[in-house]
Amino acid sequence: MSDQYKDNFWGQSGFDVLEKRVNEGTESTRLFLYFMKERASIEESYAKSLQKLLKNTSDLNEYGTLRDAWFAVRGEVESLVRVHNELSTKIDKDIVSPFEKFKSEQKKVKKSFLHDGYKLNKERKDLENNINKYKTKYDDYSKQAETMAIQMETAKNTKTAQEIGKIQVKLQKLQKEAHLFEQDYKDAVNKLSGYQPTWEEKVSSNYHTLQMTEEERIDYIKVQLEKYVGAINSTVPDTETTNRNLVKVVALVDKYEDIQCFVRESRTGTEPPPPPSFIPFGGKASSDYIQSKSSYSLASSTSSQPPLTSSYSSNSLTSSKSQPPPPQRNFSSQKKVVALYDYVGSDATELDFFAGDIITVIEEDESGWNVGQLGDRQALYPSNYCKEQ
């Protein structure tokens, strides 16, 4: 069949909708059984009441035609006693007893698979909550580091070297925290991504079982209703014609149509949720930019001279200037500097170099981001990563 639980309840509340339907089915089954038990009890009680009536009027004596009429009336009531006793016995023996057993077995099956479905649902929510938790921390520390880097650039023109050093220590701490939470965030994403295929398979299997259980329930109740109508037709005189329409209606019960009706009205989604993906701070293309910046800023902690920070500062500078100004080539001076540390640029506007590389200075800027040339590349570089030859 085209409409199936495992193909239509992938939405965020999919399991909740199915759990509600299973519980509704359980309650309906209880009410069907209650109806049959009460009907059997009412039939038995009615037969007993008729018997009591006959007993209480047994001393009535007449003669001739009136006596014949009285015996005929009592005979009709005695027939009803037999009919209602027989109907009560049929309902109780053929319907109620096996129905109670079926209800008990279904309850165990439903409880087991609802528990499995709940666990699967909770597992994914817990994994998603971990992702959101670490992403929030990662974004928060990244934002703080970015703000601190801007303060660092401003402080260069207004603060003492000691004050700048303190800002640098704070910045390095923020970058370290951002890097740690970035790794936690990536690990959480990878954990859920790796679990996704297994999770989808388990959920599909669980939903399939819940659907099979519902189909079995509908089929079983249909059979019990057929027995009930049959019991009435076979025990109560002159009811077969009257109940003919009831027989037809019960015969039309169709588990597939009922399942499709529920799916059409209640579906939450036809596709599994996509695997999670790592989203870098600021939505940048590279997922490793925090790590690369941390590597050089943390390495600089072994030096007495505080280096310029990470790409946070250079990003803020380049964004405020849009693009670096065209280099003012002044080859007459041929000023050169030697790199003190390794540096990995955040993008194509920055120069990559290793400690010991010789950089030709093309343009100097009071911001501390000079334009230099290394080999055939010209780009921005942090001046306090270098010293004059």
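Relevant structure appears above.
In this text the structure is predicted, and so the values were computed from the model without any measurement. (Residues numbered from 1 in each chain as written. Predicted model: local features only at pLDDT ≥ 70, side-chain atom pairs only at ≥ 80, totals over all residues. Heavy atoms only, no water.)

Topic: the overall build of the protein
Then comes step 1: The helix and strand inventory of the protein stands at 8 helices and 5 strands.
Then comes step 2: Taken from N to C terminus, the helices and strands of the protein fall in the order α-α-α-α-α-α-α-α-β-β-β-β-β.
Then comes step 3: The buried share among the 389 residues of the protein stands at 39%.
Then comes step 4: In the form shown here, the protein has an accessible surface area of approximately 22,000 Å², with 52% of it arising from carbon and sulfur atoms. (Helix = DSSP H or I, 4+ residues; strand = E, 2+ residues; numbered from the N terminus. Buried < 20%, exposed > 50% of the residue type's maximum accessible area, 1.4 Å probe, protein only. Areas by Shrake-Rupley, 256 points an atom, 1.4 Å probe, with all protein chains shown as cover.)

Topic: the sheet that holds strand β1 (residues 336–339)
Then comes step 1: An order of β4-β3-β2-β1-β5 is seen for the 5 strands of this open sheet, with the pairing classed as antiparallel. In the strand order of this sheet, the two ends are held by β4 (377–382) and β5 (386–388), each with one partner. Averaged over all pairs of adjacent strands, the angle between their axes in this sheet comes to 45 degrees, without regard to strand direction.
Then comes step 2: Bridge count between β1 and strand β2 (residues 358–363): 3 bridges; the pairing is antiparallel. When the bridges of β2 are listed, Val-337 appears paired with Ile-359. (Pairing = 2+ DSSP bridges. Axes fitted to C-alpha atoms, helices over the stretch in contact; angles between N-to-C directions.)

Regarding helix α3 (residues 64–158)
Then comes step 1: Over its 95 residues, α3 runs 132 Å from end to end, which matches the ideal 141 Å to within 8%, given 1.5 Å per residue.
Then comes step 2: Helix geometry: α3 is bent most strongly at Asp-92, by close to 35 degrees. (Expected span 1.5 Å × (residues − 1). Bend = angle between axes of the 7 residues up to and from the residue.)

Topic: the nonpolar core
Then comes step 1: In this structure, Tyr-5, Phe-9 and Tyr-207 are the most contacted members of the largest nonpolar core, which totals 26 residues.
Then comes step 2: Broken down by secondary-structure element, the contributors of at least two residues to this core are α2 (14–56), α3, α4 (161–235) and α6 (255–266).
Then comes step 3: For this core, the leading source of residues is α4, giving 10 residues. (Core = buried A, V, L, I, M, F, W, Y, C linked by side-chain atoms within 4.5 Å.)

Considering the packing of aromatic side chains
Then comes step 1: One pass over the full model with this rule turns up 16 aromatic pairs.
Then comes step 2: Judged by centre distance (6.3 Å) and plane angle (45 degrees), the rings of Trp-10 and Tyr-207 are tilted. One end of the pair, Trp-10, is in the loop between α1 (5–8) and α2; the other, Tyr-207, is in helix α4, and 197 residues separate them in sequence. Assigned by exposure class, Trp-10 and Tyr-207 land together as buried.
Then comes step 3: Among the aromatic residues, those joined into a ring-pair cluster are Tyr-341, Tyr-343, Phe-353, Trp-369 and Tyr-385.
Then comes step 4: For Arg-124, the ring lying beneath its charged end belongs to Trp-199, and the centroid distance is 4.6 Å.
Then comes step 5: The aromatic ring of Phe-278 is capped on one face by Lys-186, whose charged end is 5.3 Å from the ring centroid. (Phe/Tyr/Trp six-rings, centres within 6.5 Å; stacked < 30°, edge-to-face > 60°. Lys NZ or Arg CZ within 6 Å of the ring centre and 35° of its normal.)

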